[in-house]
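Below are the chains, spelled out letter by letter.
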Amino acid sequence: KAGVTQTPRYLIKTRGQQVTLSCSPISGHRSVSWYQQTPGQGLQFLFEYFSETQRNKGNFPGRFSGRQFSNSRSEMNVSTLELGDSALYLCASRREVQETQYFGPGTRLLVL
Amino acid sequence: DQQVKQNSPSLSVQEGRISILNCDYTNSMFDYFLWYKKYPAEGPTFLISISSIKDKNEDGRFTVFLNKSAKHLSLHIVPSQPGDSAVYFCAAQVGGSNYKLTFGKGTLLTVNP
């Protein structure tokens with residue numbers, strides 16, 4: 001069974017731009033979560049989608065948004081990029097919300 | 001306020017010896033705990049988990065211990081192998097309608113040949 005895939009793997013943007021990251025979960029998984037990993041803060045939860053509905057949201061500004069499609073694929077959008085948004089963005093999927101999450105390889109975003 | 005803490009940023013052990021990684025938590029509502037391993041340029045890989053109704057769970061070389069009264073869990077790797085060198089994250093979640101994972105900042109384990 002294929003794992004979680006994320007595209008693109010690497011991205012360079014400049015301040016003020018916006019970016020959209022994509023995540024395809026493991027087949028049959030209906031929940032997709034997004035995390036931001038930075039050296040100082042570790043892994044921080046952004047939000048979780050289940051059956052196209054946002055279930056949980058972390059403490060991030062409204063510039064960070066997401067959505068999930070009917071095929072469970074998810075996108076995350078960051079508008080008005082700031083230097084501090086440079087991070088590894090990880091997507092994780094699980095079949096049901098109470099089950100173990102499985103992570104993708106991440107998208108490395110660099111904001112210049 | 002950091003609810004899941006891994007106080008050792010790094011740990012170095014000799015091949016064949018035991019590696020013990022520690023994790024403390026503050027939220028008494030956490031009822032499920034997980035350990036993930038992460039290599040550079042890859043996403044975290046699930047390793048082992050434990051429910052709060054247990055105090056020990058074993059899977060091959062990996063054992064997780066949970067001490068609820070102390071709000072402490074540990075991951076034991078015996079014997080340690082060079083391929084175990086990675087960053088290990090402790091994570092916790094609250095059941096019910098939430099199931100959101102809260103991660104520690106990770107511990108870099110280096111296993112020396």
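Going by the structure above, here's the rest.
Remember, it's a predicted structure, so these values are computed and weren't measured experimentally.

1. Observations regarding the overall build of chain B
So, point 1. Scanning chain B from terminus to terminus reveals 0 helices and 11 strands.
So, point 2. In sequence order, the secondary structure elements of chain B are arranged as β-β-β-β-β-β-β-β-β-β-β.
So, point 3. For 113 residues, the compact-globule estimate of 2.2 N^0.38 gives 13 Å, and chain B sits close to it at 13 Å.
So, point 4. In terms of overall dimensions, chain B has C-alpha extents of about 45 × 30 × 20 Å along its principal axes.

2. Examining the layout of surface pockets
So, point 1. Of the volumes computed, that of the second largest pocket is approximately 180 Å³.
So, point 2. What lines the second largest pocket is Gln37(A), Thr38(A), Pro39(A), Gly42(A), Leu88(A), Arg108(A), Lys38(B), Pro40(B), Ala41(B), Phe89(B) and Lys105(B).
So, point 3. A class-by-class count of the residues in the lining of the second largest pocket yields 5 nonpolar, 3 polar and 3 charged.

3. Brief notes about the state of the cysteines
All names here are of chain A.
So, point 1. The tally for this structure, following the rule as stated, stands at 2 disulfides over all chains.
So, point 2. Here Cys23 connects covalently by a disulfide to Cys91, the sulfurs 1.7 Å from one another. Because the torsion about its S-S bond is -55°, the bridge between Cys23 and Cys91 counts as left-handed. Taken together, the residues Cys23 in strand E3 (residues 19-24) and Cys91 in strand E9 (residues 87-94) connect sequence positions 68 residues apart. The pair Cys23 / Cys91 is uniform in exposure class, with both members buried.

4. Regarding the nonpolar core
So, point 1. In terms of nonpolar packing, the biggest core is built from 24 residues, with Phe33(B), Trp35(B), Leu73(B), Leu75(B) and Tyr88(B) touching the most fellow members.
So, point 2. Going through the elements one at a time, strand E3 (19-25), strand E4 (30-38), strand E5 (45-51), strand E7 (62-67), strand E8 (72-77), strand E9 (86-94) and strand E11 (107-112) of chain B are the ones with two or more residues in this core.
So, point 3. Top element by residues in this core is E9(B). It accounts for 5 residues.
So, point 4. Those residues in contact with Leu75(B), other than ones at most four positions away along the chain, are Ser19(B), Ile20(B), Leu21(B), Trp35(B), Leu47(B), Ile48(B), Phe62(B), Thr63(B) and Tyr88(B).
So, point 5. One finds Val32(A), Phe47(A), Tyr89(A) and Leu109(A) within the second-largest nonpolar core, a separate group that totals 21 residues.

5. What to know about the interface of chain A and chain B
So, point 1. Across the contact, 21 residues belong to chain A and 18 residues belong to chain B.
So, point 2. Interface of chain A and chain B: buried area, both sides summed, is about 1600 Å²; carbon and sulfur atoms make up 56% of it.
So, point 3. The three residues of chain A that bury the most area against chain B are Leu43(A), Thr100(A) and Phe103(A), which together make up 29% of that side's buried surface.
So, point 4. In this assembly, chain A and chain B are joined by 0 salt bridges.
So, point 5. One can count 2 residue pairs in polar contact (both at pLDDT 80 or more) joining chain A with chain B.
So, point 6. Broken down by secondary-structure element, the contributors of at least two residues to the side of chain A that touches chain B are strand E4 (31-38), strand E5 (42-50), strand E6 (53-57), E9 and strand E10 (102-103) of chain A.
So, point 7. Here the side of chain A that touches chain B is built from residues that sort into 9 nonpolar, 8 polar and 4 charged.

6. What to know about the sheet that holds E3(B)
All names here are of chain B.
So, point 1. Sheet architecture is open: 5 strands sit in the order E1-E3-E8-E7-E6, paired in antiparallel fashion. A single partner strand is all that each edge strand has here, and the edge strands are strand E1 (4-5) and strand E6 (56-59).
So, point 2. Looking at chain direction, E7 and E8 are connected through 6 bridges and run antiparallel. Along E8, the bridge assignment pairs Asn67 with His72.

What counts, and at which threshold
- Residues numbered from 1 in each chain as written.
- Chains lettered and ligands numbered in written order.
- Predicted model: local features only at pLDDT ≥ 70, side-chain atom pairs only at ≥ 80, totals over all residues.
- Heavy atoms only, no water.
- Helix = DSSP H or I, 4+ residues; strand = E, 2+ residues; numbered from the N terminus.
- Rg over C-alpha atoms; globule rule 2.2 N^0.38 Å.
- 1 Å grid on protein atoms, 1.4 Å probe; cavity = no way out; pocket = protein on both sides within 12 Å on 5 of 7 lines; lining within 4 Å.
- Points joined across faces, edges and corners; volume = space filled by probe spheres on them.
- Nonpolar A, V, L, I, M, F, W, Y, C, P; charged D, E, K, R; others polar.
- Disulfide = S-S within 2.5 Å.
- Buried < 20%, exposed > 50% of the residue type's maximum accessible area, 1.4 Å probe, protein only.
- Core = buried A, V, L, I, M, F, W, Y, C linked by side-chain atoms within 4.5 Å.
- Contact = heavy atoms within 4.5 Å.
- Buried area = accessible area lost by both parts, 1.4 Å probe.
- Salt bridge = Lys/Arg side-chain N within 4 Å of Asp/Glu carboxyl O.
- Polar contact = N/O pair within 3.5 Å; in protein donor to acceptor, adjacent residues only side chain to side chain.
- Pairing = 2+ DSSP bridges.

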